[in-house]
Amino acid sequence: MVQRAGSKLKLMVVDDEPDNLDLLYRTFRRDFEVVKAESAIAALQILEQQGEMAIIISDQRMPEMLGTEFLSKTVERFPDTIRIVLTGYTDVEDLVEAINSGKVFKYITKPWNPDQLKGVVQQAAETYQVIKQRTNELKRALRRESLFNAVTTAIRESLDYHSMLQTIAATLGQTFLANQCVLYPVDGNQLIPEAFRYDEVGTTVEIADRPSAAPEQDSLVQSVLEKQQIEIEANSSDTTPRLALPLIYQQDFLAILVMSRNDHYHPWSPEDLELIQGVADQAALAISQAKLYQRTQKQAEQMRAELAVARQIQGNLLRQSWPELDGMKVQACCYPAREVGGDFFEVYAHPQGDIWLAVGDVSGKGVPAALFMASAISVLRRELSQESPPEPHVVMQNLNRSLIDDLTSTNCFITMVLARYTPTTRQLVYANAGHIYPLVWSRQTLSAQRADPGNGAEMEPNYLKVRGVPLGILPTWKATAGSVDLNSGEVLLITSDGITEATVAGTSTTNGSAGAPSTASAMLQQAGLWQLLMQEQEPLDLTHLLSQIRAHNTIQEDDQTILSLEVL
């Protein structure tokens, strides 16, 4: 290492001639700490005991070992040492090889010129100091990089707040050779009642009891808490030296780190302090990210809990059961794409005997759509619960008038089919606000088609195509009502576009017509839905039908709602 201010560099002189050894000693003793060795073997033993020398001056011709051979043995362990050879004869081959391989800095011939030798040694000393300075700078840089990588790895391995604090305490304690490292979390410039400790045995544990004195009674901790700057506690006969520093990120006081060492002879060096401060900044960043992650997790958990409640409320809004209907069978399913959605259905049996059916789809998904869905159901039920409900198209007008302001202000709209079936007349009156067409077909005709597929043209359903614009588009909703008779054995099916736009494999359609089987994936569309209906076994089971559709979708992209009315 570079010598401390006022200290001398170590210079070893090796020569088997005592006179030469004494002369070299007298020449350099004022400027260097000179170590003498009478042979190469003795020199190796001294190096083993005392460690690195800044400069080694060795005679070339010695009994046990040549000087170049001796110096070559010191290269691996002491690569920074500057080596000089004294030679009394010309052995060009050995010297050139030694110089070229970096084992020898220069060689001096005997008898030497004192001034020349002093100049060479001075040059060697300066070279050694430059090498040591650069080596130490490189070591510091590598050490800093290693520490930063360790803290960065801690960030990547765990974003859990408590785990992060434990990791930081262990990483810094091990890195800076502390016998104990304690991390006190801080919140709002106040210590919180927990601490994380690393002991030299290599354990990191969260502790309920304070290590040694409680931090409220620890003057060092309190000083850092008040001043928010690094503090060093001088060691005494009964205490170990301690270092405490704040971990602060963007003016947010996050924690106090306290480290102690048992070794009284090695206090915290300026290099240690610089490295610790740099790593503390990285640790503060890690803690800040962990706290942010913890807050995000708590908010996400709270949001999930709130959405679970909202999903339950929305599920309760959709009628899960309805009274037995004489001569009719009603089925309905709704699956939101997210926790809550904008699709809805309604089945309402009026006391006068009419059966009201509705399927609606609010544009968008998630919470905003769910809020409009709840508003739409609320207004719809108010309209249908009247003693004499209006015609379906009038109910649509009233819904549009009640919701238009909120829908237009948020650029939303609602597509919807509302139908009223009167069992006594078997008439179905419906109004359609921009929704996909309802389907009507006969179960008897479909069964005959299944039994004899080659008998006549392929059966097509009756698409109810009377339709107006969606709700929320125009201030006044205007459209005529459509009507159709539903006789015994006929089925009405209403779906949302989450069904017809689902991606499935095995059926291709072109221009709305059924095509040949295919392995390619495409939107189901109404023609594809009809193909699936033709393949369904009697009686119609909407749950099974939906499972066939949903089996093709790894991710559900839209709310899916389907409702059927069968006249028995």
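Right, let's walk through the structure included here. (Residues numbered from 1 in each chain as written. Predicted model: local features only at pLDDT ≥ 70, side-chain atom pairs only at ≥ 80, totals over all residues. Heavy atoms only, no water.)

1. Quick word on the overall build of the protein chain
Here is step 1 of the chain: From N to C terminus, the protein chain includes 14 helices and 24 strands.
Here is step 2 of the chain: Per-residue burial over the protein chain gives 46% buried out of 568 residues.
Here is step 3 of the chain: Taking the intrachain contacts of the protein chain between residues at least 6 apart in sequence as the baseline, contacts between residues at least 24 apart amount to 65%.
Here is step 4 of the chain: Accessible area for the protein chain stands at about 28,700 Å²; split by element, carbon and sulfur atoms hold 48% of it. (Helix = DSSP H or I, 4+ residues; strand = E, 2+ residues; numbered from the N terminus. Buried < 20%, exposed > 50% of the residue type's maximum accessible area, 1.4 Å probe, protein only. Contact = heavy atoms within 4.5 Å. Areas by Shrake-Rupley, 256 points an atom, 1.4 Å probe, with all protein chains shown as cover.)

2. Quick word on unusual backbone geometry
Here is step 1 of the chain: The omega torsion across Lys110 and Pro111 is -15°, close enough to zero to call that bond cis.
Here is step 2 of the chain: Cis geometry marks the peptide bond from Glu538 to Pro539, where omega comes out at -10°.
Here is step 3 of the chain: At Asn189, a residue that is not glycine, the phi angle is positive and equals roughly 60°.
Here is step 4 of the chain: You can see Asn189 is positioned in the loop between strand S6 (180-187) and strand S7 (190-191).
Here is step 5 of the chain: Positive phi is not limited to glycine here, since Gln525 has a value of about 60°.

3. A word on the pairing of strand S2 (residues 32-37)
Here is step 1 of the chain: In this sheet, S2 lies alongside strand S1 (residues 9-14) in parallel orientation, the contact comprising six bridges. Bridged to Met12 within S2 is Val35.
Here is step 2 of the chain: In terms of handedness, the path from S1 via helix H1 (residues 18-28) over to S2 forms a crossover that is right-handed. (Pairing = 2+ DSSP bridges. Right-handed = clockwise from strand over helix to strand, strands pointing away.)

4. Section: the pattern of salt bridges
Here is step 1 of the chain: Under the defined criterion, the tally for this structure stands at 14 salt bridges.
Here is step 2 of the chain: Between Asp15 and Lys110 there is a salt bridge whose closest N-O contact spans 3.5 Å. With a gap of 95 residues between them, Asp15 in the loop between S1 and H1 and Lys110 in the loop between strand S5 (106-109) and helix H5 (114-157) connect regions that are remote in the sequence.
Here is step 3 of the chain: Take Lys110: its relative accessible area is 21%, and that puts it in the partly exposed class.
Here is step 4 of the chain: Glu391 is the partner of Arg420 in a salt bridge, and the nearest nitrogen-oxygen pair spans 3.0 Å. Placement of Arg420 in strand S16 (residues 414-422) and of Glu391 in the loop between helix H9 (366-384) and helix H10 (392-409) is noted, with a sequence separation of 29 residues between them.
Here is step 5 of the chain: Using a relative accessible area of 11% as the deciding quantity, one classes Arg420 as buried.
Here is step 6 of the chain: A residue is classified by how much of its surface remains accessible, and Glu391, at 33% relative accessible area, is partly exposed. (Salt bridge = Lys/Arg side-chain N within 4 Å of Asp/Glu carboxyl O.)

5. Details of the side chain of Asn432
Here is step 1 of the chain: One can find Asn432 in strand S17 (residues 427-433).
Here is step 2 of the chain: When its relative accessible area of 1% is taken as the criterion, Asn432 is described as buried.
Here is step 3 of the chain: A distance of 2.7 Å separates the side chain of Asn432 from the backbone nitrogen of His435, its partner in a polar contact.
Here is step 4 of the chain: Those residues in contact with Asn432 that sit more than four places away from it in its chain are Met396, Met416, Val417, Tyr437, Pro438, Val466, Arg467, Gly468 and Trp477. (Polar contact = N/O pair within 3.5 Å; in protein donor to acceptor, adjacent residues only side chain to side chain.)

6. Comments concerning the packing of aromatic side chains
Here is step 1 of the chain: Taken as a whole, this structure holds two aromatic pairs when the rule is applied.
Here is step 2 of the chain: Measuring from ring centre to ring centre gives 6.2 Å for Phe28 and Phe32, while their planes differ by 75°; the resulting arrangement is edge-to-face.
Here is step 3 of the chain: Among the residues examined, Phe28 registers a relative accessible area of 3% and is labelled buried.
Here is step 4 of the chain: Since its relative accessible area comes to 7%, Phe32 is described here as buried.
Here is step 5 of the chain: Judged by centre distance (5.5 Å) and plane angle (65°), the ring pair of Trp441 and Trp530 falls under edge-to-face. Here the residue Trp441 occupies a position in strand S18 (residues 439-442), and Trp530 occupies one in helix H13 (residues 525-535), the gap between them amounting to 89 residues. Across the pair, Trp530 and Trp441 agree in class, each one buried.
Here is step 6 of the chain: The ring of Tyr25 has Lys36 sitting right over it, with the charged end atom 5.1 Å from the ring centre. (Phe/Tyr/Trp six-rings, centres within 6.5 Å; stacked < 30°, edge-to-face > 60°. Lys NZ or Arg CZ within 6 Å of the ring centre and 35° of its normal.)

7. Digging into the nonpolar core
Here is step 1 of the chain: Membership of the largest hydrophobic core comes to 51 residues, with the highest contact counts inside it found for Phe344, Ile414, Met416 and Leu492.
Here is step 2 of the chain: Sort the elements by how many residues they give to this core and H9 lands first, with eight residues.
Here is step 3 of the chain: With sequence-adjacent residues up to four places away left out, Ile414 is seen in contact with Phe344, Asp361, Val362, Ala376, Leu403, Leu407, Ala433, Pro470 and Leu471.
Here is step 4 of the chain: Listed in part, the 33 residues of the second largest apolar core include Val151, Leu165, Leu183 and Leu243. (Core = buried A, V, L, I, M, F, W, Y, C linked by side-chain atoms within 4.5 Å.)

8. What about H13?
Here is step 1 of the chain: Among the 11 residues of H13, nine are classified as buried, and the element is accordingly described as predominantly covered.
Here is step 2 of the chain: Among all positions of H13, only Gln526, Ala527, Gly528, Leu529, Trp530, Gln531, Leu532, Leu533 and Met534 are buried.

9. Section: the environment of Asp59
Here is step 1 of the chain: Residue placement: Asp59 occurs in strand S3 (residues 55-59).
Here is step 2 of the chain: Accessibility expressed as a relative area gives 3% for Asp59, which makes it buried.
Here is step 3 of the chain: Taking C-alpha positions, Asp59 is 4.6 Å from Leu86, a pair spaced 27 residues apart along the chain.
Here is step 4 of the chain: Residues in contact with Asp59, not counting those within four places in the same chain, are Val14, Asp15, Asp16, Gly67, Leu86 and Lys110.
Here is step 5 of the chain: A polar contact is formed between the side chain of Asp59 and the side chain of Lys110, at a distance of 2.9 Å.

10. Some details on helix H14 (residues 542-550)
Given 3.6 residues to a turn, an α-helix orients residues that are three or four positions apart in the same direction.
Here is step 1 of the chain: Taken residue by residue, H14 has Leu542, Leu545, Leu546 and Ile549 as its buried positions. Take H14 and look down its axis: the buried residues cluster within an arc of 95°, on one side only.
Here is step 2 of the chain: Measuring from the backbone nitrogen of Thr543 back to the side-chain oxygen at the start of H14 gives 3.0 Å, which picks out Asp541 as the cap. (Arc of directions from axis to C-beta.)

The values are spatial; any link to function lies outside them.
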